[in-house]
Amino acid sequence: MIGDLFRQSKYAALVWLAFRLYLGITWLSLGIGKLTGGFDAQGFLSNAVANPVMREGSMVYPNYVAFLEHFALPYAGMFNVVIPLGEILVGLGLIVGGLTSFAGFFAIVMNMSFLMAGTVSTNPWMIALTFFLLVAGANAGHFGGDRWVLPYIKQRLGITRRTRFI
């Protein structure tokens, strides 16, 4: 019943539009700010490695810290471009409402990455709002590009309502 409300109600679609616009504008402004403001991931990554999230004297995310230390830090220059570009693309996807679930998934991936690096900020709030968009599915983009994009993709892939994936 609640699932039907989230996924089919036009009134809920208006709520999802508000969530999308808020989150999209937030992501877009953060990404543009990083892109134009001389963002350098080196300091953030070094700090995340030097001061990992700890609990009772042991690292909470040792695999993530190893990833940061052995992959992200050596390629910090690449992350200087990938992070702002990712934020801009997520922001645009949410604002336009095109491939909303895809944009929402990557928004949560980025927010979780920031959380595991020890930065709390607004990440939990953004994850919570984005989770609602993911649960809403296509209805989250009803007042946006998904209204036309998703049927086009389904038609091109030959997906019908009766098509089942095993």
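Residues numbered from 1 in each chain as written. Predicted model: local features only at pLDDT ≥ 70, side-chain atom pairs only at ≥ 80, totals over all residues. Heavy atoms only, no water.

Peer 1: So what about a nonpolar patch on the surface? Which residues, and what values?
Peer 2: Taken together, the side chains of Leu99, Phe102, Phe105, Phe106, Val109, Tyr152, Ile153 and Leu157 make up a nonpolar region of the molecular surface, amounting to roughly 770 Å² of accessible area. Of all the secondary-structure elements, those providing two or more residues to the nonpolar patch are helix H6 (100–116) and helix H8 (146–157). With four residues, H6 is the largest single contributor of residues to the nonpolar patch. With respect to the element layout, Ile153 can be found in helix H8. (Patch = residues over 30% accessible without salt bridge, like charges linked within 9 Å, V, L, I, M, F, W, Y side chains within 5 Å. Areas by Shrake-Rupley, 256 points an atom, 1.4 Å probe, with all protein chains shown as cover. Salt bridge = Lys/Arg side-chain N within 4 Å of Asp/Glu carboxyl O. Helix = DSSP H or I, 4+ residues; strand = E, 2+ residues; numbered from the N terminus.)

Peer 1: Now, about the nonpolar core: what can you tell me, with residues and values included?
Peer 2: Core analysis: the largest hydrophobic core is formed by 28 residues, its most contacted members being Trp16, Leu23, Trp27, Leu45, Leu68 and Leu94. Elements with a contribution of two residues or more to this core: helix H2 (10–36), helix H3 (41–50), helix H4 (62–72), helix H5 (76–96), H6 and helix H7 (123–136). In terms of residues, this core owes the most to one element, H5, which gives five residues. Residues contacting Trp16, with those up to four places away along its chain left out, are Phe6, Phe132, Leu133, Ala136, Asn139 and Ala140. (Core = buried A, V, L, I, M, F, W, Y, C linked by side-chain atoms within 4.5 Å. Buried < 20%, exposed > 50% of the residue type's maximum accessible area, 1.4 Å probe, protein only. Contact = heavy atoms within 4.5 Å.)

Peer 1: Summarise the packing of aromatic side chains; cite the residues concerned and give the values.
Peer 2: For the structure shown, the criterion picks out 13 aromatic pairs. Ring geometry for Phe131 and Phe132: centres 6.4 Å apart, planes at 65°, overall edge-to-face. We classify Phe131 as partly exposed; its relative accessible area is 49%. When its relative accessible area of 34% is taken as the criterion, Phe132 is described as partly exposed. A network of ring pairs unites the aromatic residues Phe6, Trp16, Phe19, Phe131 and Phe132 as a single cluster. Positioned over the ring face of Phe39 is Lys34, at 5.8 Å from the centre of the ring. (Phe/Tyr/Trp six-rings, centres within 6.5 Å; stacked < 30°, edge-to-face > 60°. Lys NZ or Arg CZ within 6 Å of the ring centre and 35° of its normal.)

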